[in-house]
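Here is what each chain is made of, one letter per residue.
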Amino acid sequence: MNQNETPLFDTLLSHAERKPIQFHIPGHKHGRGMENRFRSFVGDAALSLDLINIAPLDDLHHPTGAIKRAQELAAEAFGADYTYFSVQGTSTAIIAMVLATVGPGDKILVPRNVHKSVLTAIILADARPIFLHPEVDSKFGISHGLSVECVAEGLAANPDARALVVINPTYFGISADLSRIVDVAHSYGVPVLVDEAHGVHTGFHSSLPLSAMQAGADMAATSVHKLGGSMTGSSVLNVREGMIDPRHVQVVMSMLTTTSTSYLLLASLDVARKELAENGHDRISYAIDLALTARARINAIPGLTCLDESRLNSSAAFAFDPTKLTVSVKDLGVTGYDVERMLRENYNIEVELSDLYNILCIVSWGDTQADIDALVSALVQIADAYRDRQGKREVVVRVPPMPSLTMSPRSAFYAQTEVVALSESVGRTMAEMIMVYPPGIPVLLPGEVVTQESIDYIEENLRAGLPVQGPDDPEIRYIKVVRNES
Ligand SMILES: Cc1ncc(COP(=O)(O)O)c(C=O)c1O
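Computed from a predicted model, the values in this text were never measured in an experiment.

Peer 1: Could you give an account of the UniProt feature "domain: Orn/Lys/Arg decarboxylase C-terminal" (unreviewed entry) in the protein chain, naming the residues involved and the relevant values?
Peer 2: Mapped onto this numbering, the UniProt entry gives "domain: Orn/Lys/Arg decarboxylase C-terminal" (unreviewed entry) at residues 382-459. In this annotation, residues 382-459 is assigned 23% helix and 15% strand; the end-to-end C-alpha distance for the span is 26 Å.

Peer 1: So, the site of the ligand: which residues are in play, and what are the values?
Peer 2: Near the ligand the following residues occur: Gly89, Thr90, Ser91, Ile94, His115, Tyr171, Asp195, Ala197, His198, Ser223, His225 and Lys226. Within the side chain of His225, an N or O atom sits 2.7 Å from an oxygen atom of the ligand. Here the ligand, which alone exposes 390 Å², has 88% of that area covered by the protein. Among the elements that take part in the shell around the ligand, helix α5 (residues 89-101) stands out by supplying 4 residues, more than any other. Here the shell around the ligand is composed, by residue class, of 3 nonpolar, 7 polar and 2 charged.

Peer 1: Now, about the domain arrangement of the protein chain: what can you tell me, with residues and values included?
Peer 2: If you check the domain split of the protein chain, you get domain 1 (60-257), domain 2 (282-386) and domain 3 (409-482). In this complex, domain 1 contributes 31 residues to the contact, which on the side of domain 2 involves 31 residues. Interface area, domain 1 with domain 2, both sides summed: about 2,500 Å², of which 63% is carbon and sulfur. Three residues, Phe140, Tyr171 and Phe172, lead the burial of domain 1 against domain 2; their summed loss comes to 28% of the area buried on that side. Applying the counting rule to domain 1 against domain 2 returns 1 salt bridge. The residue Arg311 makes a salt bridge to Asp137 at a minimum N-O spacing of 2.9 Å. At the boundary of domain 1 with domain 2, the tally comes to 14 residue pairs in polar contact (both at pLDDT 80 or more).

Peer 1: Provide a residue-level description of the packing of helix α7 (residues 148-157) against helix α8 (residues 178-187), including the pertinent values.
Peer 2: Look at α7 against α8: their axes get within 9 Å of each other, and the N-to-C directions meet at 10°. The pairing of α7 with α8 is recorded here as roughly parallel in orientation. The segment α7 lies against α8, with Val148, Glu149, Val151, Ala152 and Leu155 engaging Arg180, Ile181, Val184 and Ala185. For the contact of α7 with α8, the class distribution of residues is 7 nonpolar, no polar and 2 charged.

Peer 1: Which residues make up a nonpolar patch on the surface, and what values go with them?
Peer 2: A surface patch of nonpolar side chains, amounting to about 340 Å² of accessible area, comprises Phe38, Phe41 and Val42. With a relative accessible area of 32%, Val42 lands in the partly exposed category.

Peer 1: Which residues make up the nonpolar core, and what values go with them?
Peer 2: Formed by 35 residues in total, the largest nonpolar core has its most connected members in Ile108, Val110, Ile122, Met219, Leu237 and Val249. Counting residues domain by domain, this core receives three or more from each of domain 1 (60-257) and domain 3 (409-482). Residues within four places of Met219 in sequence aside, it is in contact with Met97, Thr101, Val192, Leu193, Val194, Met213, Leu237, Asn238, Val239, Ile244 and Val249. One finds Ala70, Phe85, Leu227 and Ala267 within the second-largest nonpolar core, a separate group that totals 32 residues.

Peer 1: Outline the pairing of strand β18 (residues 441-444), listing residues and values.
Peer 2: As defined by bridge partners, strand β17 (residues 434-436) adjoins β18 across 3 bridges and the pair is classed as antiparallel. By the bridge assignment for β18, Met435 is matched with Pro442. In this antiparallel pair of consecutive strands, β17 and β18, the connection spans 4 residues, and Gly440 shows a positive phi of 80°.

About the thresholds
Residues numbered from 1 in each chain as written. Predicted model: local features only at pLDDT ≥ 70, side-chain atom pairs only at ≥ 80, totals over all residues. Heavy atoms only, no water. UniProt positions renumbered as here; feature names shortened; annotations may be inferred. Helix = DSSP H or I, 4+ residues; strand = E, 2+ residues; numbered from the N terminus. Near = heavy atom within 4 Å. Polar contact = N/O pair within 3.5 Å; in protein donor to acceptor, adjacent residues only side chain to side chain. Areas by Shrake-Rupley, 256 points an atom, 1.4 Å probe, with all protein chains shown as cover. Nonpolar A, V, L, I, M, F, W, Y, C, P; charged D, E, K, R; others polar. Domains from an automatic or database assignment. Contact = heavy atoms within 4.5 Å. Buried area = accessible area lost by both parts, 1.4 Å probe. Salt bridge = Lys/Arg side-chain N within 4 Å of Asp/Glu carboxyl O. Axes fitted to C-alpha atoms, helices over the stretch in contact; angles between N-to-C directions. Parallel < 35°, antiparallel > 145°, perpendicular 65-115°, else oblique. Patch = residues over 30% accessible without salt bridge, like charges linked within 9 Å, V, L, I, M, F, W, Y side chains within 5 Å. Buried < 20%, exposed > 50% of the residue type's maximum accessible area, 1.4 Å probe, protein only. Core = buried A, V, L, I, M, F, W, Y, C linked by side-chain atoms within 4.5 Å. Pairing = 2+ DSSP bridges.

Shown next as structure tokens:
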């Protein structure tokens, strides 16, 4: 196949150039029916491609033309047997992977630090999660991947598991030894489903961790929009044939996908794949160089430390993506969120996320040296202002506790519930999720028992101003728990 082709984008362009009279949705008809300020800002060119699944443009739900060809080219580029496009982000691709492999009562091995979409899928499937402990980095207060030993023990104890979920790489750019994990899982006949939200670029550069498909995984939900150059909300689900039936995956993806698929998102996937395949290596080299020089300069600022290869010391922290610039700010006596706010308010810089101890800056080939210079110079000023100030508080790293699951997440989600004060909920079984977003990893999920440690962790995040979300009560003073039978 010729990776220079962009069949879907070309089809849309030639359709738009013909200017057909459109008696179909969307009703804005090339933008003419849209609010003027928005129309002139976005531009008629983009709006003329905001089309719908009429016959000449193919249909994501049953592709036979340009979308089929675009997905085949993507499969070749990603090293998959089949690739399915998602216009609903990686979350939908993750939910599809899980629903396509497990059903009611089936065991699924899952690292506890998964994104909420995995847990949503488990609730929908009524599957039985067997949580595995990811390795924890107590210096940075973050979770890494699963060690090979942890996966092997989980499988030995649950040889009847129907799937294993792995995050590769994590939000912070750390990958486990995925090839060995895949070998162990396959020796039990268990397929490996990879959350590759932060790893679309990995398969296109040898300095980066292996991609899921390179490591032999069975499915990977991959955010092309996060780091691969497509538009927000566009992702792919890559599938390897063998343990997985690709036709069934396509059916499940279709069940979960809107019938009004965005052609702008689909076309952006088509062109991003071409760019990755043709120029990805050079573009990624540029991003890696930028990130490495930024890391060296930030590490030279007293009080700041960047996550780097020195943290790779096990099969759970096995390979590293240097374009994820995680900066520990705790030695300044402030939280990551404090630094996020200072960067926003005083320097017009926005970071990807912050937590109690770190900020995470994503460096891509869209960045410039001037952007990096601005970040480094802002961090120098912040560190100078806070490093030696009077009354500086000592920040102690605490990692969220792993609560015990006493009820299936689905039973707890659909149980009779009552509302109790968070502060008085110790020992109660959660009926909703609580997470800090980003990164969207639940602190508590339906079926887990609340502990004082989890409450302390949630309250610490709330006090720091971090975005704690999930419960019906947006202020998280009250939570929904399973009603006690009396
Ligand atoms: C680890 C991880 N998995 C999955 C997702 C979901 O991706 P999306 O936002 O494309 O739905 C995210 C989003 O931040 C994530 O961080």
